Amino acid sequence: MNGNMLVLSGEHGEISCEAELVLHIGKTYEQGITVEDLVDQFTVGIDFTYRNS
């Protein structure tokens, strides 16, 4: 890694990337509970994966 730049080499196969919504479930599910009550944190992640050709 160089500063804020992420360098991915194409030497290991095709690079596949996807955005992912990451949820943190802060309590145990009970019948009738809402998503807002369950999820106490969230963020967006980026997944970089090498795919073999």
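Calculation notes
Residues numbered from 1 in each chain as written. Predicted model: local features only at pLDDT ≥ 70, side-chain atom pairs only at ≥ 80, totals over all residues. Heavy atoms only, no water. Helix = DSSP H or I, 4+ residues; strand = E, 2+ residues; numbered from the N terminus. Rg over C-alpha atoms; globule rule 2.2 N^0.38 Å. Contact = heavy atoms within 4.5 Å. Areas by Shrake-Rupley, 256 points an atom, 1.4 Å probe, with all protein chains shown as cover. Buried < 20%, exposed > 50% of the residue type's maximum accessible area, 1.4 Å probe, protein only.

Attention now moves to the overall build of the chain. In terms of regular secondary structure, the chain is built from one helix and two strands. Listing the helices and strands of the chain from first to last along the sequence gives β-α-β. What you see for the chain is a C-alpha radius of gyration of 17 Å, clearly larger than the 10 Å of a compact globule of 53 residues, by over 25%. With respect to the three principal axes, the spread of C-alpha positions in the chain is 50 × 30 × 15 Å. In the chain, of all internal contacts separated by at least 6 residues, the share reaching a separation of at least 24 is 53%. Accessible surface for the chain amounts to roughly 4,900 Å². Of this, 52% is attributable to carbon and sulfur atoms.

Here we take up the environment of Asp 37. Tracing the chain through its elements places Asp 37 in helix α1 (residues 35-38). Between the alpha carbons of Asp 37 and Leu 8 there is a distance of 39 Å; along the sequence they are 29 residues apart.

Looking now at the environment of Ala 19. The residue Ala 19 is located in strand β1 (residues 14-25) in this model. A residue is classified by how much of its surface remains accessible, and Ala 19, at 63% relative accessible area, is exposed. Once the C-alpha coordinates of Ala 19 and Asp 47 are considered, the two residues, 28 residues apart in sequence, prove to be 6.3 Å apart. Aside from chain neighbours lying at most four places away, what touches Ala 19 is Val 44 and Gly 45.

Limitation: the analysis is restricted to geometry and does not speak to function.
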